[in-house]
Amino acid sequence: MGRRSRDDRQSDDNLPESLVAYAERRIKAAITEGTIPPGSRLSAQKLAAEFGLSHIPIREALTALAASGWVVHDRGRGFFARELSSEDLLDIYHWRAVLEREALIMAVPKLTDDDIAEMKHLQDQMAEHLSSEDRLKYLELNRQFHFVPFRRAGSRRLVRMLNYLWDSAQPYTSLGESDSTKGYKEHIKLIQLLAKKDTEGAIRAIDAHRRVRTDVVARWEAERKR
């Protein structure tokens with residue numbers, strides 16, 4: 001990983017926050033890509049050297065990532081990438097199912113033509129990033145896609161809780177299959193259901209969409225235990 005240039009680091013008015021955000025993005029990407037494996041110790045000094053930063057923004061980034069569920073902070077030992085398990089993911093997805101159902105019940109009747117057009121635009125962008133090499137970009141667009149209807153629910157508190165749960169599930173995205181074609185096809189069906197204001201159909205489609213990942217993680221966990 002290359003170092004940021006001095007000019008790049010000073011391009012933002014709010015420099016300290018910019019460096020912390022940069023460090024967070026790099027650490028999240030490494031966890032999502034699997035280059036930081038589950039359970040790995042995260043050394044602030046090593047990450048600082050790798051990213052070309054001081055240890056201060058790295059430690060601030062790790063603290064923020066611990067608060068959002070990306071990493072674990074053991075006060076006596078330091079920071080670690082979260083250990084992953086199918087049981088943990090099922091718990092995350094249980095609460096996502098509960099909250100996403102409520103979000104859709106609130107949002108679907110209020111969806112506009114502009115909302116559907118935005119989802120189609122994001123879907124078109126995702127079509128260009130279906131390969132495993134483009135996994136991170138696909139995941140970024142995927143999150144924006146799903147949050148279009150969630151935002152229409154009209155509750156900032158609900159969106160914050162959903163963001164926390166999506167953050168908590170993100171480290172699982174590097175496990176097992178990484179081809180995004182199946183998810184892309186499921187999105188097409190979801191857009192059609194939302195355009196028809198079919199709330200229950202959309203809820204069922206998203207529930208099935210989630211189960212694909214739990215099945216992948218369960219297979220990964222079984223292989224790991226052999």
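The following refers to the structure shown.

## As for the pairing of strand 2 (residues 71–74)
Then comes step 1: Bridge analysis of strand 2 against strand 3 (residues 78–81) gives four bridges, and the strand direction is antiparallel. Bridge pairing in strand 3 links Val 72 to Phe 80.
Then comes step 2: Hairpin connection, strand 2 to strand 3: the antiparallel pair is bridged by three residues.

## A closer look at the sheet that holds strand 3
Then comes step 1: Pairing in this open sheet of three strands is antiparallel, and the strands run 1-3-2 from one edge to the other. Either end of the sheet is taken by a strand with one partner, and the two such strands are strand 1 (41–42) and strand 2.

## Some thoughts on the packing of aromatic side chains
Then comes step 1: All told, the structure shown has two aromatic pairs when counted by the stated rule.
Then comes step 2: Ring geometry for Phe 147 against Phe 150: centres 5.1 Å apart, planes inclined by 80 degrees, an arrangement best described as edge-to-face. Of this pair, Phe 147 and Phe 150 are both found in helix 7 (residues 135–152), three residues apart, which corresponds to roughly one turn of the helix.
Then comes step 3: Judged by relative accessible area, which is 7%, Phe 147 ranks as buried.
Then comes step 4: Between the aromatic rings of Phe 147 and Trp 166, the centroid separation amounts to 5.5 Å while the plane-to-plane angle is 70 degrees, which identifies the pairing as edge-to-face. Here Trp 166 lies in helix 8 (residues 156–169) and Phe 147 lies in helix 7, a separation of 19 residues in the sequence. Comparing Phe 147 with Trp 166, the two get one shared label, buried.
Then comes step 5: Through pairs of rings, three or more aromatic residues link up here, namely Phe 147, Phe 150 and Trp 166.
Then comes step 6: Its end group placed over the ring of Trp 166, Arg 96 keeps NZ or CZ at 4.1 Å from the ring centre.

## A closer look at the pattern of salt bridges
Then comes step 1: This structure, assessed with the given rule, holds 10 salt bridges.
Then comes step 2: For Arg 143, the salt bridge goes to Asp 167, with nearest N and O atoms at 3.0 Å. Taken as a pair, Arg 143 in helix 7 and Asp 167 in helix 8 lie far apart in primary sequence, 24 residues in all.
Then comes step 3: A residue is classified by how much of its surface remains accessible, and Asp 167, at 12% relative accessible area, is buried.
Then comes step 4: With a shortest N-O distance of 2.8 Å, Arg 210 and Asp 207 are connected by a salt bridge. Residue Arg 210 and its partner Asp 207 are both found in helix 10 (residues 199–225); the two are separated by three residues, about one turn of the helix.
Then comes step 5: Judged by relative accessible area, Arg 210 falls into the buried class, the value being 7%.
Then comes step 6: Within this structure, Arg 96, Glu 100, Asp 207 and Arg 210 form a network of salt bridges that share partners.

## Considerations on helix 9 (residues 181–195)
Given 3.6 residues to a turn, an α-helix orients residues that are three or four positions apart in the same direction.
Then comes step 1: Compared with an ideal rise of 1.5 Å per residue, which puts 15 residues at 21 Å, helix 9 spans 22 Å between its outermost C-alpha atoms and is within 8% of the ideal.
Then comes step 2: Of the positions making up helix 9, those classed as buried are Gly 183, Tyr 184, His 187, Leu 190, Ile 191, Leu 193 and Leu 194. The buried residues of helix 9 occupy an angular sector of 165 degrees when the element is viewed end-on, so they sit on one face. Looking at helix 9, the residues exposed on the side facing more than 90 degrees away from the buried face are Lys 185 and Lys 189.
Then comes step 3: On the buried face of helix 9, the contacting elements are helix 5 (86–107), helix 6 (113–126), helix 7 and helix 10.
Then comes step 4: Positive phi appears at Lys 197, one or two residues downstream of helix 9, with a value of about 60 degrees.

## Some details on the nonpolar core
Then comes step 1: In this structure, Leu 104, Phe 145, Phe 150, Leu 162, Tyr 172, Leu 190 and Leu 194 are the most contacted members of the largest nonpolar core, which totals 41 residues.
Then comes step 2: Elements represented by at least two residues in this core include exactly helix 5, helix 6, helix 7, helix 8, helix 9 and helix 10.
Then comes step 3: The leading source of residues in this core is helix 5, at seven residues.
Then comes step 4: Those residues in contact with Phe 145 that sit more than four places away from it in its chain are Met 119, Leu 122, Gln 123, Met 126, His 187, Leu 190 and Ile 191.

Rules used throughout
- Residues numbered from 1 in each chain as written.
- Predicted model: local features only at pLDDT ≥ 70, side-chain atom pairs only at ≥ 80, totals over all residues.
- Heavy atoms only, no water.
- Pairing = 2+ DSSP bridges.
- Helix = DSSP H or I, 4+ residues; strand = E, 2+ residues; numbered from the N terminus.
- Phe/Tyr/Trp six-rings, centres within 6.5 Å; stacked < 30°, edge-to-face > 60°.
- Buried < 20%, exposed > 50% of the residue type's maximum accessible area, 1.4 Å probe, protein only.
- Lys NZ or Arg CZ within 6 Å of the ring centre and 35° of its normal.
- Salt bridge = Lys/Arg side-chain N within 4 Å of Asp/Glu carboxyl O.
- Expected span 1.5 Å × (residues − 1).
- Arc of directions from axis to C-beta.
- Contact = heavy atoms within 4.5 Å.
- Core = buried A, V, L, I, M, F, W, Y, C linked by side-chain atoms within 4.5 Å.

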